[in-house]
Amino acid sequence: MALYDAKIERFSKKAEQLERNIRRDTEKRRRLLSEITRLRYLSLCEKLNCDGEELETVLAREHEQ
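Keep in mind it's a predicted model, so treat the numbers as computed, not measured. (Residues numbered from 1 in each chain as written. Predicted model: local features only at pLDDT ≥ 70, side-chain atom pairs only at ≥ 80, totals over all residues. Heavy atoms only, no water.)

Draft legend 1. Layout of unusual backbone geometry. You will see that asparagine 49, though not glycine, has its phi angle at about 55 degrees, which is positive. Along the chain, asparagine 49 falls in the loop between helix H1 (2-48) and helix H2 (52-64). (Helix = DSSP H or I, 4+ residues; strand = E, 2+ residues; numbered from the N terminus.)

In structure tokens:
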């Protein structure tokens, strides 16, 4: 009986640690994806040689064509 209790406790601690890791890694992933989005936007602005409002206009014109 004590053998099972020790394993249950050990596995419970491992599961809790995995939950903490998941939360931490999920937040890291969210920040990285946000930074990727920002960098893609900046890259597009640079490629088209425009800023935010101009980019919107360029994209709208391109979409109409």
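Draft legend 2. Representation of the pattern of salt bridges. Tallied over the entire structure, the rule returns five salt bridges. Between glutamate 9 and lysine 13 there is a salt bridge whose closest N-O contact spans 3.4 Å. One end of the pair, glutamate 9, and the other, lysine 13, are both in helix H1, four residues apart, so they sit about a helical turn from each other. Between glutamate 27 and arginine 31 there is a salt bridge, and its shortest N-O distance comes to 3.5 Å. In this pair, glutamate 27 and arginine 31 both sit in helix H1, four residues apart, roughly one turn of the helix. Look at glutamate 27 and you get partly exposed, because its relative accessible area is 31%. Here arginine 31 falls in the partly exposed class, since its relative accessible area comes to 45%. (Salt bridge = Lys/Arg side-chain N within 4 Å of Asp/Glu carboxyl O. Buried < 20%, exposed > 50% of the residue type's maximum accessible area, 1.4 Å probe, protein only.)

Draft legend 3. Highlighting H1. Here H1 spans 68 Å end to end across 47 residues, near enough to the 69 Å set by a 1.5 Å rise per residue. Of the residues trailing H1, asparagine 49 is marked for its positive phi of about 55 degrees. (Expected span 1.5 Å × (residues − 1).)

Draft legend 4. The packing of H1 against H2, seen in detail. At a minimum axis separation of 10 Å, H1 and H2 run at an interaxial angle of 75 degrees. Of the possible angle classes, the one that applies to H1 and H2 is roughly perpendicular. Contacts from Tyr41, Leu44, Cys45 and Leu48 in H1 reach Gly52, Leu55 and Val58 in H2. For the contact of H1 with H2, the residue count by class is six nonpolar, one polar and no charged. (Axes fitted to C-alpha atoms, helices over the stretch in contact; angles between N-to-C directions. Parallel < 35°, antiparallel > 145°, perpendicular 65-115°, else oblique. Contact = heavy atoms within 4.5 Å. Nonpolar A, V, L, I, M, F, W, Y, C, P; charged D, E, K, R; others polar.)

Draft legend 5. Seen up close, a negative patch on the surface. Together, Asp51, Glu53, Glu54 and Glu56 line one region of the surface with negative charge. Tracing the sequence through the fold places glutamate 56 in helix H2. Residue classification places glutamate 56 among the exposed positions, given a relative accessible area of 58%. (Patch = residues over 30% accessible without salt bridge, like charges linked within 9 Å, V, L, I, M, F, W, Y side chains within 5 Å. Areas by Shrake-Rupley, 256 points an atom, 1.4 Å probe, with all protein chains shown as cover. Lys, Arg positive; Asp, Glu negative; His and termini not counted. Charge placed at Lys NZ, Arg CZ, Asp CG, Glu CD.)

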